[in-house]
Amino acid sequence: MSNSYRGSAVVRWVNDRLPIFTFLDHQMRDYPAPRNLNYWWNYGSLALVALVLQIVTGIFLAMHYIGDARFAFDSVEHIMRNVNYGWLLRYLHSNGAALFFLVVYVHIFRGLYYGSYKSPREILWWIGIVIVLAMMATAFMGYVLPWGQMSFWAATVITNLFSAIPLLGQEIVAWLWGGFAVGGPTLTRFYALHYLLPFVIFGLVFLHLWALRTVKSNNPLGIDVRGPQDTVPFHPYYTSKDYFGMGLFLLVLAGFVFYAPNYMGHPDNYIPANPMVTPTHIVPEWYFLPFYAILRAIPDKLGGVIAMAASLLVLFVLPWLDTSRVRSARFRPIYKVIFWFLLADVVLLGYVGSQPAEGIWIHIGRALTAYYFFHFLILTPVVGKIERPRPLPQSIAAVVLKGGKA
Amino acid sequence: MAEHGTAAVHTGETRRDFLYVATAAVSVVGVGAVGWPIVDSMNPTADVLALATTEVDLVPIEVGQAITVVWQSKPVFVRHRTDQEIAAAADVAIEDLRDPQADGDRVQKPEWLILIGICTHLGCIPIGYKGDFNGWFCPCHGSHYDTSGRIRVGPAPENLKVPPYTFTTDTSIVIG
Ligand code: HEM
Ligand code: FES
């Protein structure tokens, strides 16, 4: 089989011993992708680009960073001032993390709109959610590393979430800290885990793609591929399209890195960590704000933590909450509307999360939190039952060749 | 041969099952034995646990003043309460409190209120002489504590904790 591979003598010599070219061909050139994928399908490969960027910049930052509470803050300043292109590495890493989340959130909402979580893609969807959870843990621990005021108090507030666990809460938190408060041991272990987790994410991405290769890509019509007339080879068609998207992504990243590198950061994090003073207004990074708003919406410690966890965990059961068998929102007149309501709800939650927890914001936050769960637990199953979907097209090819949007 | 084979499979089944169970059991015990030391290695270390007590001289603290000292790397508030503050703390219907506790049970001497300065919600440090009850206000998610350090409004579930302390003389204490 392997010696049937065409190519130069060297390529064949290698391929006969390790069929890497056959493998790549199989994955890229022979992989049939639906011919109607739109730009919302760019975000998966973009997420991979962002992950690789984080790993590469992170490894080079790690060569100068010191994971010890006595030196951490100064070592980051050293990176910014003395290390050649240290500022570039750090700004790429911090802004890259934020854009990584943006890309992954778009990727998730794409899945929500086109029903990509439905059979047979449930496990693919699950692995995706596990990836977001691991990303959140990674970004949180990374944010602690510069050991500024925001780092310290983010670490305090987030680790204290575990103290809400009945009975064992305090023991668990002391175990996480390695002490009686966030301190040196906490920073050093977060550094170790911050280095490790991205590689775990890499492994998860591999599983994600394995599942994808098994069940194949969904598409904007949400109907199954019927035959070769519905597909094009992934390479070179989608590789070139993905490269184009990557160019735009890198432009946006460069815009932040070169023109507004601290736009998404907080000035308080340039003050060294002080365990005796909490900044008067602490807010998480923007990509955590919707969840933060949900945490604060519930006037009970344990309840808030449960609601926040549930807001993500509900996505695991979404494939069964959605009772409609039609995937794409294009053919679901009511679902299409509630999809946009959900998106607006999450964006507004993010805004509320950035405001102080007082007065009117508390009530708005509660209403938006209630709607979030109402969407998944009530609206989604009910709409699936009562909605009358529009007729599905015959095939992908029929729609594409008509040039219409169906 | 064929017969022998099927017979072997037949009787071998239970023996092989035994091997499955045995290898699985060895693995579980092995992982457990190695796992606990690994997990426990993350707990506070011996030197952290041995952290000493903290001594506080109360003489310089005027009535109506509070200082923050460090004990086991935690902030501890030492507040010299005024008569009004003591009266306000006593004048509360205890049943209505979220974490019912009489002021008398939280102090050794009414004029000295000594508290661990960590919000029982998510661990921020409340600001003194602020909030609806002029005790402490936590800026993180808006918890208000009264002049006895009891939670009155906001998300915190419990009162500010009282650390173990003893008066060594009339004007000095040892925390811990
Ligand atoms: C999923 C991938 C990753 C994400 C989302 C991520 C996120 C972050 C964030 C948000 C920060 C704080 C940036 C700041 O405000 O300064 C940070 C810092 C840091 N990260 Fe990562 N990171 C990732 C991968 C890695 C990897 C693989 C390494 C090392 C091999 C690494 C090493 C570091 C170091 C040394 C710092 C401290 C220096 C600094 O603050 O700039 N990161 N990370
Ligand atoms: S930590 Fe004090 S109110 Fe949340």
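Rules used in this analysis
Residues numbered from 1 in each chain as written. Chains lettered and ligands numbered in written order. Predicted model: local features only at pLDDT ≥ 70, side-chain atom pairs only at ≥ 80, totals over all residues. Heavy atoms only, no water. Helix = DSSP H or I, 4+ residues; strand = E, 2+ residues; numbered from the N terminus. Buried < 20%, exposed > 50% of the residue type's maximum accessible area, 1.4 Å probe, protein only. Contact = heavy atoms within 4.5 Å. Areas by Shrake-Rupley, 256 points an atom, 1.4 Å probe, with all protein chains shown as cover. Lys, Arg positive; Asp, Glu negative; His and termini not counted. Charge placed at Lys NZ, Arg CZ, Asp CG, Glu CD. Buried area = accessible area lost by both parts, 1.4 Å probe. Salt bridge = Lys/Arg side-chain N within 4 Å of Asp/Glu carboxyl O. Polar contact = N/O pair within 3.5 Å; in protein donor to acceptor, adjacent residues only side chain to side chain. Nonpolar A, V, L, I, M, F, W, Y, C, P; charged D, E, K, R; others polar. Donors = N, O, S within 2.8 Å, 3.2 Å for Na, K, Ca; no water. Tetrahedral: all angles 85-135°; square planar, octahedral: opposite > 155°, others 65-115°. Domains from an automatic or database assignment. Patch = residues over 30% accessible without salt bridge, like charges linked within 9 Å, V, L, I, M, F, W, Y side chains within 5 Å. pLDDT = per-residue confidence, 0-100. Pairing = 2+ DSSP bridges. Axes fitted to C-alpha atoms, helices over the stretch in contact; angles between N-to-C directions. Near = heavy atom within 4 Å.

A.B. asks: Where do I start with the overall build of chain B in this structure?
C.D. replies: Helix and strand counts for chain B come out as three helices and 10 strands. Its helices and strands in sequence order give chain B the pattern α-α-β-β-β-α-β-β-β-β-β-β-β, from N to C terminus. With respect to the principal axes defined by its C-alpha atoms, chain B has extents near 100 × 35 × 25 Å. Looking at the 176 residues of chain B, the share that counts as buried comes to 38%. Of all intrachain contacts in chain B linking residues separated by at least 6 positions in sequence, the fraction that spans at least 24 positions is 53%. For chain B, the accessible area works out to roughly 9,700 Å², and carbon and sulfur atoms hold 61% of it. Between the mean site of the 12 positive side-chain charges and the mean site of the 21 negative ones, chain B shows a separation of 4 Å.

A.B. asks: Help me out: how do you make sense of the interface of chain B and chain A in this one?
C.D. replies: By convention, interface size is frequently given as the accessible area that disappears when the constituent parts associate. Taken residue by residue, the interface counts 24 residues in chain B and 25 residues in chain A. Between chain B and chain A, a total of about 2,100 Å² is buried, with carbon and sulfur atoms accounting for 68% of that surface. Three residues, Met42, Leu122 and His141 of chain B, lead the burial of chain B against chain A; their summed loss comes to 29% of the area buried on that side. Scanning the region where chain B abuts chain A turns up zero salt bridges. Linking chain B with chain A are seven residue pairs in polar contact (both at pLDDT 80 or more), by the criterion used here. Taken together, the residues of the side of chain B that touches chain A break down into 15 nonpolar, eight polar and one charged.

A.B. asks: For this particular structure, what's the right way to read the coordination of the iron atom of ligand 1?
C.D. replies: Angles between donor atoms at a metal ideally measure 109.5 degrees for a four-coordinate tetrahedral arrangement and either 90 or 180 degrees for a six-coordinate octahedral one. Residue and element names in this part refer to chain A. Around the iron atom of ligand 1, the protein contributes the donor atoms His93 (NE2) and His194 (NE2), which lie 1.9 to 2.0 Å from the metal centre. Coordination geometry of the iron atom of ligand 1: the six donor atoms subtend angles of 88 to 180 degrees at the metal centre, consistent with an arrangement described as octahedral. Pair noted here: histidine 93 is in helix α5 (residues 86–114) and histidine 194 is in helix α9 (residues 184–215), with a separation of 101 residues, a long-range link. Of the two residues, histidine 93 and histidine 194, both sit in the buried class.

A.B. asks: Whenever I open this one, the domain arrangement of chain A confuses me. Can you help?
C.D. replies: All names here are of chain A. What the domain assignment reports for chain A is domain 1 (1–30) and domain 2 (31–401). Between the C-alpha centres of domain 1 and domain 2 there is a distance of 37 Å. Each partner contributes to the interface: domain 1 provides five residues, whereas domain 2 provides seven residues. Summed over both partners, the interface of domain 1 with domain 2 comes to about 500 Å²; 50% of that surface belongs to carbon and sulfur atoms. A per-residue breakdown of the area domain 1 buries against domain 2 is headed by Gln27, Met28 and Arg29, which together make up 81% of the total. At the boundary of domain 1 with domain 2, the tally comes to zero salt bridges.

A.B. asks: I keep staring at a nonpolar patch on the surface and nothing clicks. Help me out?
C.D. replies: Residue and element names in this part refer to chain A. Together, Leu48, Val52, Val56, Phe60, Met63 and Phe202 give the surface a local cluster of nonpolar side chains, amounting to about 520 Å² of exposed area. Tallying contributions element by element places helix α3 (residues 43–62) first for the nonpolar patch, with four residues. Here methionine 63 is to be found in the loop between α3 and α4 (72–81). In this structure methionine 63 comes out as exposed when scored by relative accessible area, which is 55%.

A.B. asks: Please clarify how the confidence of the model for chain B should be interpreted in this entry.
C.D. replies: The predicted coordinates ought not to be read in detail in places where the model reports low pLDDT. Residues and elements named next belong to chain B. When the pLDDT values of chain B are averaged, the result is 89; 93% of them are 70 or greater. The least confident element of chain B, judged by mean pLDDT, is helix α1 (residues 2–40) at 79; the most confident is strand β4 (residues 112–116) at 96. For this predicted complex, the interface score ipTM comes out at 0.81, alongside a pTM of 0.90.

A.B. asks: Can you help me understand unusual backbone geometry in this one?
C.D. replies: Most peptide bonds adopt trans geometry, and most residues besides glycine take a negative phi value. All names here are of chain A. In this model, serine 119 is joined to proline 120 through a cis peptide bond whose omega is 5 degrees. Following the sequence through the fold, proline 120 ends up in the loop between α5 and α6 (122–144). Residue proline 236 follows histidine 235 across a cis peptide bond; omega there is 10 degrees. With respect to the secondary-structure elements, proline 236 resides in helix α10 (residues 234–259). A positive phi is found at tyrosine 85, a non-glycine position, where the angle reads about 55 degrees.

A.B. asks: Explanation requested: the sheet that holds strand β9 (residues 165–169) of chain B in the structure shown.
C.D. replies: Note on sheets: strands pair through backbone hydrogen bonds, and any given pair is parallel or antiparallel. All names here are of chain B. Taken together, the three strands give an open sheet; going across it, the order is β1-β10-β9, and neighbouring strands pair in antiparallel fashion. Here the strands that pair on one side only, and so sit at the sheet edges, are β1 (54–57) and β9. When the angles between neighbouring strand axes are averaged without regard to direction, this sheet yields 25 degrees. Of the pairings in the sheet, the one linking β1 to strand β10 (residues 172–175) comprises four bridges and is antiparallel in character. Bridge pairing in β10 places aspartate 57 opposite serine 172.

A.B. asks: Honestly, the site of ligand 1 in this entry has me stumped. Any pointers?
C.D. replies: All names here are of chain A. Near ligand 1 lie 25 residues; those nearest to it are Arg90, His93, Pro146, His194 and Tyr195. Between ligand 1 and the protein, one listed contact pairs a nitrogen atom with a side-chain N or O atom of histidine 194 at 2.8 Å. For the shell around ligand 1, the elements supplying multiple residues, two or more each, are α3, α5, α6 and α9. Tallying contributions element by element places α3 first for the shell around ligand 1, with seven residues. Across the shell around ligand 1, the residue classes break down as 17 nonpolar, seven polar and one charged.

A.B. asks: Can you walk me through the pattern of salt bridges in this structure?
C.D. replies: Proximity of charged atoms lets side chains of opposite charge pair with each other. Residue and element names in this part refer to chain A. Applying the stated rule across the entire model yields 13 salt bridges over all chains. A salt bridge links aspartate 322 to lysine 118; the nearest nitrogen and oxygen atoms lie 3.1 Å apart. Taken together, the residues aspartate 322 in the loop between α12 (301–321) and α13 (333–354) and lysine 118 in the loop between α5 and α6 connect sequence positions 204 residues apart. Both residues of the pair, aspartate 322 and lysine 118, count as buried. Linking arginine 332 and glutamate 387 is a salt bridge whose minimum nitrogen-to-oxygen distance equals 2.8 Å. Taken together, the residues arginine 332 in the loop between α12 and α13 and glutamate 387 in the loop between α14 (360–386) and α15 (396–402) connect sequence positions 55 residues apart. Of the two residues, arginine 332 and glutamate 387, neither departs from the other in class, the shared state being buried.

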